[in-house]
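Descriptive analysis of the structure
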Amino acid sequence: MKELKSYELREKYLKFFEANGHKIIPSASLIPENDPSVLFTTAGMHPLVPYLLGQKHPDGTRLTDVQKCVRTGDIDEVGDETHCTFFEMLGNWSLGDYFKKESITFSFKFLTEVLEIPVEKLAVTVFAGDEDCARDEFAAKTWADLGIKNICYLPKENNWWYAGATGPCGSDTEIFVDNGKPAKCENSNPGNDPDKWVEIWNNVFMEFFRTKDGKFEPLKQKNVDTGMGLERTICMINGLKSVYDTDLYSDVIAKICELSGAKYGEDKETTRAIRIIADHIRTSTFLMGDERGIVPSNVDQGYVLRRLIRRSVRFARQINLDSKQLVTISKMFIDKYKAYYPELAMNENKVLDELAKEEEKFSKTLENGIKEIEKVLKFVQGDTLNGKTAFRLYDTFGFPIEMTKEICAEKGFKVDMEGYKEAEEKHQKLSQMGAEQKFKGGLADSSEQTTFLHTATHLLLGSLQKLLSKDIHQKGSNITAERLRFDFNFDRPLTEEEKKMIEDNVNKAIQEDVQVICEEMTVDQAREAGAEGVFGSKYGDIVKVYTIPGYDKEICGGPHATHTGQLGEFKIIKEQSSSAGIRRIKAVIDTSKAKK
Ligand code: SER
């Protein structure tokens, strides 16, 4: 296989699908808009859910893109050969356009003709069939006709893709490349020899909707959703051992070594620490530099970001890298990626400032934690620090257990790790319950209630701009089935009177039962029409503009109420500070008051 750089793969992929009738769309934000069910965009299809469910996409029925994704579920695996918390997903979609045959043929041609991967290096898996959906003989035959010999059938656990607890889903066919390791058995295939076969691409045939009670109902349209991991594919094509050896990381890793004196590859622990720093700083850079960028905090996305930065500081100390240099690493990533993700350059100062602030804060925490441990150890009877206290040091002071163990060891103490694990498990159970709560809504929850709350959010912004200041803009939005939460720039609390005025204005719009108009236009036309939007961020060529005449006009993907009367009654339940210069409003609607 020919040597391939990451930028070449991005370009070749988009060009190939463009030549086959696909419209190139920009990457969506890493922070999902109006989707309470997930913290981050985890796959290319995620921002496209409404279109997979049948809404018309302004760019047509064939789309392709490179999507920024963050998955932190496997954070503890980061540091091995393949796991990253941030990655880019190359994707192509058919929204009720082509289906299995064309999708498989496109993938085959791209891999064998454009990337010139020899056919015998490829293997595929297809769905084995069960009571919900038949065995996918069609996909298998299509692959076989194209010349693929290594085909195996696997069950739902392997060959079915769910967008969330509820939502669009379907069987898939996964494509694997041989990494050259000796076969473990006869007829080695991805099912029986996973060390040899590395998955690079997943073509999902989304034709079902999984309902709350676990049923699979046919969707209005048959879609294709594919996702190819950029890092992994580059790694495989270039015959590399690890994604960290690709051009997406190699110069950053060299820099970490230069700055710290550590040697990459010398021993497992050092190599792992270097990879973790590189991975976590890349993800943090993208999260803070996103068009809807976040900052470290103690809740939701901000908490994940905080954890990533703090882990980087800790692993920096482990390899004697001055943690102030994390900013240098972040800057390298900004320079490396800004041509594809201009938001990183636009937000460079914010990214570097926030990173420096968090690094400083945590370095202090570490110092305080060290003092605290010393204090605690004075009271320890015997030679073992109890697990509960060790966990409290972590939970309250953010003080990592590895460091507690290290310092204790220096002073001749052990740590009761069993007790620590018990305390940790208890805590995890509690936070897991929180996470499950979050997941309950299903992905891209487009229920009537959330749709109407989305429209209420537009009316709220329009009212804030009209009654308080035209310089107010959206700084964050989160909608659950119960309430809307809206963040906006304003430098003081709202008075009771102001809140009442805003509420009244939204309710006036509801009373007037104004039609919600959706139009498609170019970004320039939207701007000229005075639509609210984050200009300078990346929209597609054609955007949707939702207008509530007399109240609001915004670029937005929807979905929305068709007329404002559907909202019933609007009520602000809380107005508070969110962060410096940002206020937060929580509000509810009572649709039972809607005029029939
Ligand atoms: N949604 C599928 C995945 O993430 C294909 O894009 O693997």
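Here the structure is shown first, and the text comes after it.
Residues numbered from 1 in each chain as written. Predicted model: local features only at pLDDT ≥ 70, side-chain atom pairs only at ≥ 80, totals over all residues. Heavy atoms only, no water.

Now for the overall build of the protein chain. Summing up its helical and strand segments, the protein chain has 18 helices and 18 strands in all. For a compact globule of 596 residues, the expected C-alpha radius of gyration is about 25 Å, and the protein chain comes in at 26 Å, within 12% of that figure. Expressed as lengths along the three principal axes of its C-alpha atoms, the size of the protein chain is roughly 70 × 70 × 45 Å. Taken over 596 residues, the protein chain has a buried fraction of 53%. For the protein chain, contacts bridging at least 24 residues in sequence account for 71% of all contacts bridging at least 6. Here the protein chain displays about 27000 Å² of accessible surface, and carbon together with sulfur accounts for 50% of that area. (Helix = DSSP H or I, 4+ residues; strand = E, 2+ residues; numbered from the N terminus. Rg over C-alpha atoms; globule rule 2.2 N^0.38 Å. Buried < 20%, exposed > 50% of the residue type's maximum accessible area, 1.4 Å probe, protein only. Contact = heavy atoms within 4.5 Å. Areas by Shrake-Rupley, 256 points an atom, 1.4 Å probe, with all protein chains shown as cover.)

In the vicinity of the ligand, the contacting residues are Ala43, Met45, Arg71, Met89, Trp161, Asn202, Val204, Asp225, Thr226 and Gly227. Between the ligand and the protein, one listed contact pairs a nitrogen atom with a side-chain N or O atom of Asp225 at 2.7 Å. One nitrogen or oxygen atom from the main chain of Thr226 is found 3.3 Å from an oxygen atom belonging to the ligand. Out of a free accessible area of 230 Å², the ligand has 94% covered by protein chains. Those elements that provide at least two residues to the shell around the ligand are strand 8 (197–210) and strand 9 (216–229). The biggest single contributor to the shell around the ligand is strand 9, with three residues. Residues belonging to the shell around the ligand are distributed by class as follows: five nonpolar, three polar and two charged. (Near = heavy atom within 4 Å. Polar contact = N/O pair within 3.5 Å; in protein donor to acceptor, adjacent residues only side chain to side chain. Nonpolar A, V, L, I, M, F, W, Y, C, P; charged D, E, K, R; others polar.)

Viewed as axis vectors pointing N to C, helix 3 (residues 100–114) and helix 4 (residues 137–146) meet at an angle of 35°, and their least axial separation amounts to 10 Å. The handedness of the crossing between helix 3 and helix 4 comes out as right-handed. Residue-level inspection shows Lys100, Lys101, Ile104, Thr105, Ser107 and Phe108 of helix 3 in contact with helix 4, the latter providing Phe138, Ala139, Thr142, Trp143 and Leu146. Split by residue class, the contact of helix 3 with helix 4 holds six nonpolar, three polar and two charged. (Axes fitted to C-alpha atoms, helices over the stretch in contact; angles between N-to-C directions. Left-handed = near helix turned anticlockwise from the far one by under 90°.)

Our next topic: the sheet that holds strand 16 (residues 552–555). With respect to topology, three strands assemble into an open sheet ordered 14-15-16, the strand pairing being antiparallel. In the strand order of this sheet, the two ends are held by strand 14 (517–522) and strand 16, each with one partner. Sheet twist, expressed as the average angle between the axes of neighbouring strands with direction ignored, equals 25°. When strand 14 meets strand 15 (residues 542–548), the two strands line up antiparallel, connected through six bridges. Residue pairing for strand 15: Ile517 is matched across the bridge by Thr547. (Pairing = 2+ DSSP bridges.)

Moving on to the nonpolar core. Membership of the largest hydrophobic core comes to 102 residues, with the highest contact counts inside it found for Phe110, Leu111, Trp201, Ile256, Ile277 and Leu287. Ranked by residues supplied to this core, first place goes to helix 8 (residues 268–288) with nine residues. With near-sequence residues (within four places) excluded, Ile256 lies in contact with Gly261, Ile274, Ile277, Ala278, Ile319, Leu321 and Ile329. Formed by 32 residues, the second largest nonpolar core is a distinct cluster that contains Leu453, Phe488, Ile548 and Ile585. (Core = buried A, V, L, I, M, F, W, Y, C linked by side-chain atoms within 4.5 Å.)

Here we have four strands laid out as an open sheet, ordered 12-13-18-17, and antiparallel in their pairing. Two strands bound the open sheet, and with one partner strand each, they are strand 12 (474–479) and strand 17 (570–579). Pairwise comparison of adjacent strand axes, ignoring direction, gives a mean angle of 20° for this sheet. In this sheet, strand 18 (residues 582–589) lies alongside strand 17 in antiparallel orientation, the contact comprising eight bridges. The residue bridging Lys571 from the neighbouring strand is Val588, located in strand 18.

Our focus in this paragraph is the packing of helix 8 against helix 12 (residues 348–379). As a packed pair, helix 8 and helix 12 sit with axes 9 Å apart at the nearest point and diverge in direction by 125°. Compared by their axis directions, helix 8 and helix 12 come out oblique. Helix-helix and strand crossings are classified by hand; for helix 8 and helix 12 the assignment is right-handed. Judged by residue contacts, Ile281, Thr285 and Met288 of helix 8 engage Lys350, Val351, Glu354 and Leu355 from helix 12. Among the residues making up the contact of helix 8 with helix 12, the classes are represented as four nonpolar, one polar and two charged. (Parallel < 35°, antiparallel > 145°, perpendicular 65-115°, else oblique.)

Right, let's talk about the pairing of strand 13 (residues 484–489) for a bit. With respect to burial, strand 13 is a largely interior element, five of its six residues being buried. As paired elements, strand 12 and strand 13 share five bridges and run antiparallel to each other. In the strand pairing of strand 13, Ile479 is matched with Leu484. Pairing of strand 13 with strand 18 involves six bridges; the strand directions are antiparallel. Looking at the pairing, Phe488 lines up with Arg583 of strand 18.

Right, let's talk about the pattern of salt bridges for a bit. All chains considered together, the criterion is met by 42 salt bridges. Asp290 is paired through a salt bridge with Lys68; the nearest N and O atoms lie 3.0 Å apart. Of this pair, Asp290 sits in the loop between helix 8 and helix 9 (300–318) while Lys68 sits in strand 2 (residues 62–70), and the two are 222 residues apart along the sequence. Here the two residues Asp290 and Lys68 agree in accessibility, since each one is buried. Between Asp335 and Lys338 there is a salt bridge whose closest N-O contact spans 3.2 Å. Residue classification places Asp335 among the partly exposed positions, given a relative accessible area of 36%. For Lys338, a relative accessible area of 35% puts it in the partly exposed group. Residues joined by salt bridges that share partners form a network here, namely Lys68, Asp290, Glu291 and Glu343. (Salt bridge = Lys/Arg side-chain N within 4 Å of Asp/Glu carboxyl O.)

Bringing the side chain of Gln301 into the picture now. Mapped onto the fold, Gln301 is located in helix 9. A distance of 2.8 Å separates a polar atom in the side chain of Gln301 from the backbone oxygen of Leu39. Contact partners of Gln301, with chain neighbours within four places excluded, come to Ile31, Leu39, Phe40 and Ile294.

What is shown is where atoms sit, not what they do.
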